[in-house]
Every structure is written in structure tokens, then in C-alpha cells.
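Residues per chain, in single letters:
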Amino acid sequence: MIPANTAHTNNRLGAWLTFLDAHGVEALSGSGFDWIGIDLQHGTATLDGLPGLLRACELNRTPALVRTSGHSAAEIGRALDAGAAGVVVPMVESAAQAAAIAAACTFPPEGVRSSGASRSAIAAPSLLQPEGKVLCLAMIESAAGLANAGAIAQADGIDGIFVGPYDLALSLGADGVTDPKTLDAIGHVLAVARNHGKLTGAFSGSAELSGALRDADLLAVDSDLAFLRSGAEAKLVATRAALSAARE
Ligand code: 3PY
Ligand code: MG
């Protein structure tokens, strides 16, 4: 379960998975992250591979949120059927889009999610929200989404707002994610979501940005690719330093 963070002092730190297989996820989810984001929009993870990835997260009792590739109700349903604790839906720009993705996450009569034989019936129920609820997080990552942040956050069935700083910076014509224009926009979206009592989250990928995201409930620290590169680079630097010290 991903608890609501009412105090806003204790971020739930996540790792963002873009290419690792189940073996890699098992290692990553055992590293102490509070949640794993599995990205079906970018990278190479696929819907077919999802059950294996989710099973690997469950081994370490780590809830997994799936970022879908778009707004398709069919894909949202399949990700939830595979056993995801929730979905993070990219590029939500209006209240109507927010209502549609929330409906796709919810069974009738409130929503339109279809029920069928699926892995979610046997996946770890304790990783879901109370009463087996799944989380529906709308991504705000464009100027249009920013303009409609209040309406998106208030849409029925939206549990939280997840900011995509990199797309947001592009859409605003800003000079990257730490440009004051981007930081102001992120701060505004998170405050709006919080004021409507919704979960807040964002992808970081930058220490400077993480500081600005200190109040977010869900903070994706970085991607598997970045962890691999930075870990490898740090080992190389340390090994070169040890070798030259040994030669002195
Ligand atoms: C963005 O920053 O645009 C993202 O989607 C991060 O995953
Ligand atoms: Mg994005």
C-alpha cells in the first residue's frame, strides 16, 4: 500500500524502471525503495512483461505503479489486471481526460473498468490501497495541464497528480527542469493537488530538482538506466583511485 502522506515530511521514494527484466527488478526493489514505477511509455518495458515484473516487486513487498503509454482504457485495465497498485497516466490536460482515465480505473457503476479473469485476483492484496483500491494518478506535464491543474485534481476518482518535469519544461519553453519557470510551475501544481487533498508526486532525476520536490508524497528518484550508469561510473572512479594509490 502507498499511504497518503498527510504530514508532507516523509517522501515515499521510488525507482523508475525503463528496461530491466524481472531479475533486475528483484534486485532494485530489494534496495529499499518504497515503490517502483514501471514505465510503458518510454524505455522497453512491455505490457506482456508486466506480470513478471510485478511478481518480482511483490517478492520484496514493494508496490508498483505502472506508467501507461497513453490514455487507453484498455491498456489501463490490462495494467491493473496484471496486478499493479495503480497507474500513472501521462499528459493529462483537461478535466474530461482526467475523468476518463479515472473511470478506466474504476469498476461500474461508478466507472467503466471491465472485470475478467486476471492476475490481480491472485496478486499481493496488501500492496493495494485499503479495500483493494488502485491508485489513479494523472500526470501534469504540459502548459495545458498546468492551466487546468485545479480541474484535473478535482476530477472524480483522481487520487493524485504526478508531475513530469522534463516534458513540462519543454512545453513551457523553459531552460530545463531547474529553470525557475519550471520550478514555479511544479510548485504550483503540487500545491493545487495538495489543497484538493490529493496525493502529490513527481519524477526527479536531479538532486537539485529533488530539493524543490521535498514536499511531494511520491518522489521517483531516477531511472534504472541512470542508476546503472552512475553506479558503474562511481565504481570505475573508485577503482582507478585505488589503483593509483596502490602504485604510489
Ligand atoms: C517527464 O518528466 O516528462 C516524465 O514523464 C518523467 O517520467
Ligand atoms: Mg513525460
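Because the structure is a prediction, the values reported are computed rather than measured.

J.: Sorry, what's going on with the packing of helix α1 (residues 22-29) against helix α2 (residues 50-59) here?
T.: Packed helices, taken two at a time, are described by the angle their axes make and the gap between the axes. Put simply, α1 and α2 touch, their axes get as near as 8 Å, and they point 25° apart. By the criterion of interaxial angle, the relationship of α1 to α2 is roughly parallel. The way α1 lies across α2 gives a crossing that is right-handed. For the pair α1 and α2, the contacting residues are Ala22, Val25, Glu26 and Ser29 in the first and Gly52, Leu53, Ala56, Cys57 and Leu59 in the second. Counted by class, the contact of α1 with α2 contains six nonpolar, two polar and one charged residues.

J.: Explain the packing of aromatic side chains here, please?
T.: We describe a pair of aromatic rings using the distance from one ring centre to the other and the angle between the two ring planes. Under the defined criterion, the tally for this structure stands at six aromatic pairs. Arranged with centres 6.2 Å apart and planes meeting at 90°, the rings of Trp35 and Phe162 form a pair that is edge-to-face. Of this pair, Trp35 sits in strand β2 (residues 35-39) while Phe162 sits in strand β6 (residues 160-163), placing them 127 residues apart in sequence. Each member of the pair, Trp35 as well as Phe162, is classed as buried. Within the aromatic cluster, the residues linked to one another by ring pairs are Trp16, Trp35, Phe162, Tyr166 and Phe203.

J.: Explain the site of ligand 1 to me, please; I cannot follow it from the model alone.
T.: The immediate surroundings of ligand 1 are formed by Trp16, Arg67, Met139, Glu141, Gly164, Pro165, Tyr166, Asp167 and Phe203. The backbone of Pro165 places a nitrogen or oxygen atom 3.1 Å from an oxygen atom of ligand 1. Within the contact set of ligand 1, an oxygen atom lies 2.9 Å away from a backbone nitrogen or oxygen of Asp167. For the shell around ligand 1, the leading source of residues is helix α7 (residues 165-172), giving three residues. In the shell around ligand 1, the residues fall into five nonpolar, one polar and three charged.

J.: What is the right way to read helix α4 (residues 95-104) from this model?
T.: Every α-helix winds through 3.6 residues per turn, so residues three or four apart in the chain are directed the same way. For α4, the complete set of buried residues consists of Ala98, Ile101, Ala102, Ala103 and Ala104. The inward-facing, buried residues of α4 abut α3 (73-81), β4 (86-89), β5 (135-140) and α6 (149-154).

J.: I'm lost on the coordination of the magnesium ion (ligand 2) in this one. Help?
T.: When four donors bind a metal tetrahedrally, each ideal donor-metal-donor angle is 109.5 degrees, and when six bind octahedrally, the ideal angles are 90 or 180 degrees. Around the magnesium ion (ligand 2), the protein supplies Glu141 (OE) and Asp167 (OD) as donor atoms, at distances of 2.1 Å. Placement of the pair is Glu141 in the loop between β5 and α5 (143-147) and Asp167 in helix α7, with a sequence separation of 26 residues. Look at Glu141 and you get buried, because its relative accessible area is 2%.

J.: I tried to follow the state of the cysteines on my own but got confused; where do I start?
T.: Working definition: the covalent bond between the sulfur atoms of two cysteines is a disulfide. One pass over the structure, following the stated rule, counts zero disulfides. Looking at the unpaired Cys105, the closest cysteine sulfur is the one in Cys136, lying at 3.6 Å. Residue Cys136 is classed as buried on the basis of its relative accessible area of 1%.

J.: Where do I start with the pairing of strand β7 (residues 199-203) in this structure?
T.: Side-chain positions along a regular strand alternate between the two faces of the sheet. By the criterion of burial, β7 is predominantly enclosed, with five of the five residues buried. Burial along β7 is two-sided: Leu199, Gly201 and Phe203 and Thr200 and Ala202, pointing in opposite directions, are all buried. The pairing of β6 with β7 spans four bridges and is parallel. Bridge pairing in β7 links Val163 to Ala202. Sheet topology places β7 next to strand β8 (residues 218-223); three bridges connect them, and they run parallel. Each residue of the ladder has a partner; that of Ala202, found in β8, is Leu219.

J.: Explanation requested: the sheet that holds β4 in the structure shown.
T.: Strand pairing in a sheet relies on backbone hydrogen bonds, with the paired strands running either antiparallel or parallel. Taken together, the eight strands give a closed barrel; going around it, the order is β1-β2-β3-β4-β5-β6-β7-β8, and neighbouring strands pair in parallel fashion. With direction set aside, neighbouring strand axes in the sheet form an average angle of 25°. As judged from the four bridges shared by strand β1 (residues 12-17) and β2, these two strands associate in the parallel manner. Considered in β2, the bridge of Gly14 is made with Trp35. Contacting β1 and β8, helix α10 (residues 224-247) crosses the sheet at an angle of about 55° to β8.

So, how was this worked out
- Residues numbered from 1 in each chain as written.
- Chains lettered and ligands numbered in written order.
- Predicted model: local features only at pLDDT ≥ 70, side-chain atom pairs only at ≥ 80, totals over all residues.
- Heavy atoms only, no water.
- Axes fitted to C-alpha atoms, helices over the stretch in contact; angles between N-to-C directions.
- Helix = DSSP H or I, 4+ residues; strand = E, 2+ residues; numbered from the N terminus.
- Parallel < 35°, antiparallel > 145°, perpendicular 65-115°, else oblique.
- Left-handed = near helix turned anticlockwise from the far one by under 90°.
- Contact = heavy atoms within 4.5 Å.
- Nonpolar A, V, L, I, M, F, W, Y, C, P; charged D, E, K, R; others polar.
- Phe/Tyr/Trp six-rings, centres within 6.5 Å; stacked < 30°, edge-to-face > 60°.
- Buried < 20%, exposed > 50% of the residue type's maximum accessible area, 1.4 Å probe, protein only.
- Near = heavy atom within 4 Å.
- Polar contact = N/O pair within 3.5 Å; in protein donor to acceptor, adjacent residues only side chain to side chain.
- Donors = N, O, S within 2.8 Å, 3.2 Å for Na, K, Ca; no water.
- Disulfide = S-S within 2.5 Å.
- Pairing = 2+ DSSP bridges.

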